[in-house]
Structures are given as structure tokens and as C-alpha cells.
Amino acid sequence: MNALTLPDVAAQASRQALPLDWVGMCGIAVPVLIDGQRLNAIADAGVSLDDGEARGIHMSRLYLALEVLENTALSPRLLRRILQQFLDSHAGLSHAASLGIRTDLLLKRPALVSPLAGWKRYPINIEAQLKNDVFHVELNIQIPYSSTCPCSAALARQLIQQQFVDDFANKALDHAGILAWLGSSQGIVATPHSQRSTATVNVKLNASVDELPLLSFINEAEAALGTAVQTAVKRADEQAFALANGQNLMFCEDAARRLSMALRRSPDIASLDVRVVHAESLHAHDAVAQSRWVREAL
Ligand SMILES: Nc1nc2c(ncn2[C@@H]2O[C@H](COP(=O)(O)OP(=O)(O)OP(=O)(O)O)[C@@H](O)[C@H]2O)c(=O)[nH]1
């Protein structure tokens, strides 16, 4: 070896011959293009090391294969192309490749009533795998929403009825008096508790899907729940939100069922995991429900 030859340890034989399931890099900073937006993302890229005798993989080859993310819209086709490059650059060493991309989707959401709008952040994680020529993509999306407890609402209504009995017993009912009573906190003595909640939707896409249907999944999920958290809010919007919550009282079980049933209608989905977490204001712990569904083969 002369002074200009660089030692290549990866090309050496391993002292302990053992194949490895996954070798790669985690936490790589990359820009990605989704729905016309350039987003900051973090990637995990790796391959299997099938040859137990080989000392190491070629990390630079995986890293450089990610360069295309900078100027090509993220799609299942692009992910497959990158994974194929991971494998092609590790011929004889690897039969499986994976790429995970975490970012925050920013969507501009209109207010419920006023002409305002604001940005909402949806954390997403995209996991792609190519193994023995079988390719698949999974999307993980977190969607914040509001949930009002149906049990608490019923208990509050009962207290209001009781207050009505106490205040109006043996009195002639007059319209103006009842209207004023309904608008007072002496009349409406109790309110139900509600909480900010999070739905985590994990979707395995059908092989035929060639776009990442992130936006449509988020829209379908929010429509099914009916109580998406808001961005810019004036009083008119807050009142509409109160109505939406009152019309969509939800235990965590209700939310999980609504989401799962709504998303199952999408032809893009091969399998689905839904997990909802209601960060209870009644308790110091969370109420959680999960649902798993796999589309039956036709
Ligand atoms: N395999 C491996 N490489 C590592 C690790 N930590 C850092 N690296 C470095 O990653 C760098 C890139 O490795 P390679 O892709 O094999 O680089 P290279 O040999 O110049 O590139 P090729 O000629 O394409 O093989 C090297 O400098 C390694 O030392 C590790 O834990 N495992």
C-alpha cells in the first residue's frame, strides 16, 4: 500500500462470521418534497448484511442514494427506486433494504365559520421496505382532535334537569324566564369534561398505490371524528366547535371505531392499525383504544 491508498476496513473479512439483520444509519437529516412543500426530515436507512464474513456495509452508498430526495417528490415509486439502489450497491451482501422518513406535514386549515385559516402540524413516519423483490410502504400519521366524554355529558345534563326542578318547582313557566335561566351559569350548572386527544393511524399501502395519500387519510380521519383541533379561532368558530363537540360525544372506543370504519373504505389500504389516546382531564391517566384490520385477499 502506498501513502495515497486508503485502507478499506469494510472490505476486510469479519473476525466473527455472523450475518446481521439490519445495518445502516439512523437520524440522517434530509429535505423531502411532499405535496409541493419542502420539509425537514430525518431518515433511517439500512440493509441486511447477509454475508457473515463481510466486515461491514458501505454506508456512504446508502447516504448518497438519498440525494434524490432533495429534488424529487416523495412517492412509493421514488422510495422503491432508492431501496433498489441500496441493494444494487450492496450486491452479494444484502437482500433486504429499508428506509424510514420522519417529518411533520404542515397543512393550512380553515376556521369553522370565520374566513380565517392557520397551520396545523401532523407528525408522519413513512417506512418503506424492499425484501426478496417484495416492496411495501407503511404510513404512520398522528392526528390531534378533541373528545368530550358522553358519560360526563349525560351526568351534567342530569344536574341541569335537577337544577331546573329546584328553580321552577311550583312556578308558572314563562318563556323569558326560562330563556334567561338557560343562558346563566346558575341554570346550566354543570359542563362535561373534554380533552385533547391523539389518533395514530398506521396504514400499509396497497402495492398499486403510486401517490402517498397522506392528505386524504387525514381528511377522512378528521371528517370521521368531527372534532379536529382548530388553528385560528374567533368566538364564532369557538361556538361552532362547541356544537361539533356536543354532537360528537366520544369515548375512546367510539373514536377508534369511527376511525377504523372510515379508513377501511379506502381502496389504498392493505392493512390498518388505529390507536387513539384520550389525555383525560377526569383522570391523571389516559384512556386508550386500538383496532387492527387486514383487508381480506380478493
Ligand atoms: N460499515 C461501517 N462503516 C462505518 C461505520 N461507522 C463509520 N463508518 C464509515 O463510513 C464510511 C463510508 O464507508 P464506505 O461506504 O464503505 O466508503 P468507501 O469505501 O469510501 O466507499 P465505496 O468505495 O463506495 O465502498 C467509512 O469511512 C466508514 O468508516 C460503521 O459502524 N460501519
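Residues numbered from 1 in each chain as written. Predicted model: local features only at pLDDT ≥ 70, side-chain atom pairs only at ≥ 80, totals over all residues. Heavy atoms only, no water.

Trainee: So what about the environment of D35? Which residues, and what values?
Mentor: Within the secondary structure layout, D35 lies in the loop between β1 (20–34) and β2 (37–49). Separated by 178 residues in the primary sequence, D35 and P213 have C-alpha atoms spaced 9.8 Å apart. (Helix = DSSP H or I, 4+ residues; strand = E, 2+ residues; numbered from the N terminus.)

Trainee: Run through the site of the ligand, naming residues and quoting values.
Mentor: Near the ligand, the surroundings consist of D8, G56, I57, H58, M59, S60 and R61. Take S60: an N or O atom from its side chain is 2.5 Å from an oxygen atom of the ligand. The contact in question runs from an oxygen atom of the ligand to an N or O atom on the side chain of R61, over 2.6 Å. When grouped by side-chain class, the residues that make up the shell around the ligand number two nonpolar, three polar and two charged. (Near = heavy atom within 4 Å. Polar contact = N/O pair within 3.5 Å; in protein donor to acceptor, adjacent residues only side chain to side chain. Nonpolar A, V, L, I, M, F, W, Y, C, P; charged D, E, K, R; others polar.)

Trainee: An account of the nonpolar core is requested, with residue identities and associated values reported.
Mentor: L66, F86, L99, I101, I126 and V276 are the most contacted members of the largest nonpolar core, which totals 66 residues. When neighbours within four sequence positions are excluded, F86 is seen to be in contact with A45, G46, V47, L62, A65, L66, A97, S98 and L99. (Core = buried A, V, L, I, M, F, W, Y, C linked by side-chain atoms within 4.5 Å. Buried < 20%, exposed > 50% of the residue type's maximum accessible area, 1.4 Å probe, protein only. Contact = heavy atoms within 4.5 Å.)

Trainee: Before we move on, could you go through the UniProt feature "site: May be catalytically important" (unreviewed entry) in the protein chain and cite the residues and values that matter?
Mentor: With numbering matched to this structure, UniProt assigns "site: May be catalytically important" (unreviewed entry) to C149. Counting through the fold element by element, C149 comes out in the loop between β5 (134–148) and α3 (150–168). A relative accessible area of 10% means that C149 is categorised as buried. For C149, the contacting residues outside a window of four places in its chain are P192, H193, M250 and F251. (UniProt positions renumbered as here; feature names shortened; annotations may be inferred.)

Trainee: Please provide a residue-by-residue account of helix α2 (residues 76–88), values included.
Mentor: With 13 residues, α2 should reach 18 Å at 1.5 Å per residue; the first-to-last C-alpha distance of 18 Å fits that figure. P76, L78, L79, I82, L83, F86 and L87 are the residues of α2 that are buried. Against the buried residues of α2 lie β2, α1 (59–65), β3 (96–110), β4 (117–131) and β5. (Expected span 1.5 Å × (residues − 1).)

Trainee: Quick rundown of the domain arrangement of the protein chain? Include the residues and the values.
Mentor: Once the domains are mapped, the protein chain shows domain 1 (19–149 + 193–294) and domain 2 (150–182). Taken residue by residue, the interface counts seven residues in domain 1 and five residues in domain 2. Here domain 1 meets domain 2 over a buried area of about 410 Å², counting both sides, of which 71% is carbon and sulfur. Across the domain 1-domain 2 interface, the total number found is zero salt bridges. Counting every contact that joins domain 1 to domain 2 gives four residue pairs in polar contact (both at pLDDT 80 or more). Split into classes, the residues belonging to the side of domain 1 that touches domain 2 amount to four nonpolar, two polar and one charged. (Domains from an automatic or database assignment. Buried area = accessible area lost by both parts, 1.4 Å probe. Salt bridge = Lys/Arg side-chain N within 4 Å of Asp/Glu carboxyl O.)

Trainee: Which residues make up the sheet that holds strand β8 (residues 287–294), and what values go with them?
Mentor: The eight strands lie next to each other as β1-β2-β3-β4-β5-β6-β7-β8, forming an open sheet whose pairing is antiparallel. Of all the strands in the sheet, the pair left with one neighbour each is β1 and β8. When the angles between neighbouring strand axes are averaged without regard to direction, this sheet yields 15 degrees. Bridge analysis of β5 against strand β6 (residues 194–205) gives eleven bridges, and the strand direction is antiparallel. Across the sheet, I143 pairs through a bridge with A199, a residue of β6. (Pairing = 2+ DSSP bridges. Axes fitted to C-alpha atoms, helices over the stretch in contact; angles between N-to-C directions.)

Trainee: So what about the pattern of salt bridges? Which residues, and what values?
Mentor: All told, the structure shown has six salt bridges when counted by the stated rule. Taking the shortest distance from any N to any O, the salt bridge between D133 and R80 comes out at 3.9 Å. With a gap of 53 residues between them, D133 in the loop between β4 and β5 and R80 in helix α2 connect regions that are remote in the sequence. The class of R80 is partly exposed, set by a relative accessible area of 33%.

Trainee: Describe the state of the cysteines, with residues and values.
Mentor: Among covalent bonds in proteins, the disulfide is the one between the sulfur atoms of two cysteines. With the rule as written, the count across this model stands at zero disulfides. Looking at the unpaired C252, the closest cysteine sulfur is the one in C149, lying at 9.8 Å. (Disulfide = S-S within 2.5 Å.)

Trainee: Hey, could you go over the pairing of strand β7 (residues 269–278) for me, with residue numbers and the actual values?
Mentor: Taking burial as the measure, the ten residues of β7 include seven buried ones, the bulk of the element. For β6 and β7, the ladder comprises nine bridges, and the chain directions are antiparallel. Counted as the bridge partner of S197 is H278 from β7. As judged from the eight bridges shared by β7 and β8, these two strands associate in the antiparallel manner. Directly across from R275, in β8, lies its bridge partner Q290.

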